Amino acid sequence: QELDSINIPKPGLHTKTANTVRSFTHQESKIDKRFPHHHKFRLSFNLSSIPEDEKLKAAELQINRDAIDLSRSSSSSNSPNSIVDLDRTRYQVFVYDILKVGIKGLREPSFRLIDTKHILLNNTDILSFDVQPAVERWLATPKANHGLLIEVRTSSELKPAPHHHVRLRRSLDKHDDLWLQKQPILYTYTDDERFTQHVRERRDVSSRSSHHQQHPHQKRTKRQNKRRSNKRIAHHEACQRKALYVDFSEVGWS
């Protein structure tokens, strides 16, 4: 899709002045073993590739879901509580910024709730969460980036969600190619201010041109005229839209 380089249309997010989009996936580590359940998981993202001079305009976490056949599960279950469990079709997803990690025997971990959503089991649309406050903190203090904690609970009693509906972690029986399509992704929308710089340069050129117009008797040599002509051509080419081709197989998106 062709996008205006200074206007990335993303519903619900303040990305109108962003001209760079990056995607990040979870960095697996030994800490993942501390979260063996499907309803609670820590997502860690390495944002070191974002330059310090770029300004963050928005950040979102996208999570996929699997379809759940409730009627099939109900008929195949012999548990007396199966009907009650299947009635809990409305879940709530909590996204926390991990402010401090816990130290066993010394302190409990510290979290900050940054977004939450109510979801239905019969819906498989992609979930999008606003995580800009967390990403801003990570960019300001990279050593304090401990990731995000995601929890999925029932809406009524806030108990752990019984169904594997929200995809937070890789299943042991899930093929790698399928997981690449389902894994959570963090998107950052930044502005490197190249457009602002072009506008500033264009204003400078306009101000210089008006300054020369105020001195009509000033003589110009052929070399000066040629230099200014070359600058105008170079400036015009810098503002052109150019075709960009990306080989998705090289970045693992094939």
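Residues numbered from 1 in each chain as written. Predicted model: local features only at pLDDT ≥ 70, side-chain atom pairs only at ≥ 80, totals over all residues. Heavy atoms only, no water.

Only one face of strand β1 (residues 20-25) is buried: it carries T20, R22 and F24, and the other face, with V21, S23 and T25, is open. Sheet topology note: the β1/strand β8 (residues 185-191) ladder contains six bridges and is antiparallel. Each bridged residue has a counterpart across the sheet, and for S23 the counterpart in β8 is Y187. (Buried < 20%, exposed > 50% of the residue type's maximum accessible area, 1.4 Å probe, protein only. Helix = DSSP H or I, 4+ residues; strand = E, 2+ residues; numbered from the N terminus. Pairing = 2+ DSSP bridges.)

On to the environment of Y187, then. Checked against the element boundaries, Y187 lands in strand β8. A residue is classified by how much of its surface remains accessible, and Y187, at 18% relative accessible area, is buried. For the pair Y187 and T25, spaced 162 residues apart in sequence, the C-alpha separation works out to 9.1 Å. In this view, Y187 contacts V21, R22, S23, A58, A59, E60 and Q62; residues no more than four positions away in its chain are not counted. (Contact = heavy atoms within 4.5 Å.)

On the surface, L244, V246, F248, V251 and W253 cluster together to form a nonpolar patch covering roughly 560 Å² of accessible area. Note on placement: W253 falls in the segment after α6 (222-238). (Patch = residues over 30% accessible without salt bridge, like charges linked within 9 Å, V, L, I, M, F, W, Y side chains within 5 Å. Areas by Shrake-Rupley, 256 points an atom, 1.4 Å probe, with all protein chains shown as cover. Salt bridge = Lys/Arg side-chain N within 4 Å of Asp/Glu carboxyl O.)

This paragraph deals with the packing of aromatic side chains. One pass over the full model with this rule turns up three aromatic pairs. Look at F35 and F41: their rings are 6.3 Å apart centre to centre, the planes differ by 80°, and that puts the pair in the edge-to-face class. Of the two residues, F35 and F41, both sit in the buried class. Through pairs of rings, three or more aromatic residues link up here, namely F94, Y96 and F111. One cation-aromatic arrangement involves K117 over F129; the distance from NZ or CZ to the ring centre is 4.9 Å. (Phe/Tyr/Trp six-rings, centres within 6.5 Å; stacked < 30°, edge-to-face > 60°. Lys NZ or Arg CZ within 6 Å of the ring centre and 35° of its normal.)

Moving on: empty space enclosed by the protein. One pass over the structure, following the stated rule, counts one cavity of 30 Å³ or more. By volume, the largest cavity is sized at about 40 Å³. Along its surface, the largest cavity is lined by H38, H39, Y91, V152, A161, H163, H164, H165 and V166. (1 Å grid on protein atoms, 1.4 Å probe; cavity = no way out; pocket = protein on both sides within 12 Å on 5 of 7 lines; lining within 4 Å. Points joined across faces, edges and corners; volume = space filled by probe spheres on them.)

Let's shift gears to the pattern of salt bridges. When the charged atoms of two side chains with opposite charge come close together, those side chains can pair. The tally for this structure, following the rule as stated, stands at eight salt bridges. One salt bridge connects R22 with E54, and the closest N-O pair in it is separated by 2.9 Å. With a gap of 32 residues between them, R22 in strand β1 and E54 in the loop between β2 (40-43) and β3 (55-63) connect regions that are remote in the sequence. Linking D97 and R112 is a salt bridge whose minimum nitrogen-to-oxygen distance equals 3.4 Å. One end of the pair, D97, is in strand β4 (residues 90-100); the other, R112, is in strand β5 (residues 110-120), and 15 residues separate them in sequence. Connected through shared salt-bridge partners, D66, R167 and K182 make up one network.

This part takes up the pairing of β8. Across the seven residues that make up β8, a large majority, seven, are buried. A two-sided burial pattern is seen for β8, the buried positions comprising I185, Y187, Y189 and D191 on one face and L186, T188 and T190 on the other. Examined bridge by bridge, β3 and β8 share seven bridges and lie antiparallel to one another. Residue pairing for β8: K55 is matched across the bridge by D191.

Remember, this is a structural readout, not a statement about activity or role.
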